[in-house]
Amino acid sequence: MIPESLRALVDATSGQRTCEWQGRMLLILNRAWGELVVCHQGAQVLHYQPASQRPWLWVTETPAALPGSIRGGIPLCWPWFADEYPEGETELHGPARKAEWRIDAVEEDEEEGVEIHASPQSPLHAALSPRVVIFAGRHFLKVELITENRGETPVKMTGALHTYFAVEDAFQCRVTGLAGASYLDKRQDFSRLDQQGELGIRGPLDRIYQSSQVQVLEDGQRRLRIAKQGSDSTVVWHPGDAPPADTSVENARGFLCVETACTRLDPVWLPPGAQHLLVQHISPLEQEG
Ligand SMILES: O=P(O)(O)OC[C@H]1O[C@H](O)[C@H](O)[C@@H](O)[C@@H]1O
């Protein structure tokens, strides 16, 4: 779910507008096909709600102040995931999610959906250059994170589309499509284990699955299909009853992260001039009423 103050801004939007929330600029669309909110900080999709449905994404009710990033929606972890820091760096998940991005283009079909292009206001890496394309329509949300190596030597990168899905209750969810996959359990010192049967969430977990398969997130009320490209890692994360300081325990039960990622299991070595495309495509397994 999303905070009431954000809900009010979306409800007060007819068509498309830019406005401020929590000290950040937002692009808000409210059309017949549904609602979409993109934050200029981090080019982060904060909200997507197809017509007649509940929000697909969750946002914390108590976001961190700037220069922190907002927990929720689809944060970009780039150009590294978690603690895969390059030498001399310390920012968990990389600088992209806290940086200011520019909306370069908004192409709308008012009935069917929108395509939004964004790039960072200032360079985030000496050689790697990212851009983001967000597509939203009546029945899908797709985010593409494109990285180009403009340098002269190969560069190693990891990253993630760190999606916070809105769910009825995190500890009643199932994520199918991972049965038999091997994973690193971050809560057990990165032990390598195999997923026995389908994954049921019943408490805290932090796992990196080696998987390029489609996953389906079920929360008892709806089933969302999560497809991807350019990613051999799926991260499933929930902090249990010890969420980060910007989220209450009760509020945290409303999300589950299923992340389309490249991690220490599948880092990308990008040659000069080459591009990497990381894509997450979310759609309902069946239409909601
Ligand atoms: O709090 P953040 O920096 O956004 O990170 C939140 C979480 O992201 C990922 O899912 C990692 O696997 C977790 O270890 C981490 O705690």
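All of these numbers come straight from a predicted model, not from anything done at the bench.

Caption draft 1: Summary view of the site of the ligand. Neighbouring the ligand are Ala82, Leu92, His93, Lys186, Asp206, Val235, Trp237, Pro244, Cys257 and Glu259. Breaking the shell around the ligand down by element, the ones donating at least two residues are strand 20 (233-238) and strand 21 (255-262). Here the shell around the ligand is composed, by residue class, of 6 nonpolar, 1 polar and 3 charged.

Caption draft 2: View of the nonpolar core. With 75 residues, the main nonpolar core has Val38, Leu57, Phe165, Phe255 and Leu256 as its most contacted residues. At 6 residues, strand 21 tops the list of elements feeding residues into this core. Residues in contact with Phe165, not counting those within four places in the same chain, are Trp56, Leu57, Trp58, Leu217, Leu224, Phe255, Leu256 and Val258.

Caption draft 3: Spotlight on the sheet that holds strand 7 (residues 113-120). As summarised here, the arrangement of the 9 strands in space is 6-7-8-9-23-19-18-13-16, forming an open sheet in which the pairing is antiparallel. Two strands bound the open sheet, and with one partner strand each, they are strand 6 (101-109) and strand 16 (199-200). Taken together, the 6 bridges between strand 19 (residues 223-229) and strand 23 (residues 275-284) define a ladder with antiparallel strand orientation. In the sheet register, Leu224 faces strand 23, and the bridge partner there is Pro284.

Caption draft 4: Summary view of unusual backbone geometry. That bond from Leu66 to Pro67 is cis: its omega, 5 degrees, falls within 30 degrees of zero. Mapped onto the elements, Pro67 comes out in the loop between strand 4 (44-50) and strand 5 (76-77). The omega angle of the peptide bond from Trp78 to Pro79 is -5 degrees, so this bond is cis rather than trans. Summarising the element assignment, Pro79 is placed in the loop between strand 5 and strand 6. Backbone geometry places Ala43, a non-glycine residue, at a positive phi of 45 degrees.

Caption draft 5: Highlighting helix 1 (residues 4-11). Where helix 1 is concerned, the buried positions are Leu6, Leu9 and Val10. One face of helix 1 carries all of its buried residues, which in axial projection span an arc of 100 degrees. Those residues of helix 1 that are exposed and aimed more than 90 degrees away from the buried face are Glu4, Ser5, Ala8 and Asp11. Next to the buried residues of helix 1 lie strand 1 (15-21), strand 2 (24-31), strand 3 (34-39) and strand 4.

Caption draft 6: Quick peek at the pairing of strand 7. As paired strands, strand 6 and strand 7 are joined by 8 bridges and run antiparallel to one another. Opposite Glu107, over in strand 7, you have Glu115 as the bridge partner. Counting the residues in the hairpin turn of strand 6 and strand 7 gives 3 residues. Pairing between strand 7 and strand 8 (residues 128-137): 6 bridges, direction antiparallel. Bridge pairing in strand 8 places His117 opposite Val133.

Caption draft 7: Local environment of the environment of Leu224. With respect to the secondary-structure elements, Leu224 resides in strand 19. Taking C-alpha positions, Leu224 is 21 Å from Leu145, a pair spaced 79 residues apart along the chain. The residues touching Leu224, leaving out its near neighbours within four places in the chain, are Trp56, Phe165, Val216, Leu217, Ile282, Pro284 and Leu285.

The rules behind each value
- Residues numbered from 1 in each chain as written.
- Predicted model: local features only at pLDDT ≥ 70, side-chain atom pairs only at ≥ 80, totals over all residues.
- Near = placed C-beta within 6 Å.
- Helix = DSSP H or I, 4+ residues; strand = E, 2+ residues; numbered from the N terminus.
- Nonpolar A, V, L, I, M, F, W, Y, C, P; charged D, E, K, R; others polar.
- Core = buried A, V, L, I, M, F, W, Y, C linked by C-beta atoms within 7 Å.
- Buried ≥ 20, exposed ≤ 12 C-beta atoms within 10 Å, placed from the backbone.
- Contact = placed C-beta atoms within 7 Å.
- Pairing = 2+ DSSP bridges.
- Arc of directions from axis to C-beta.

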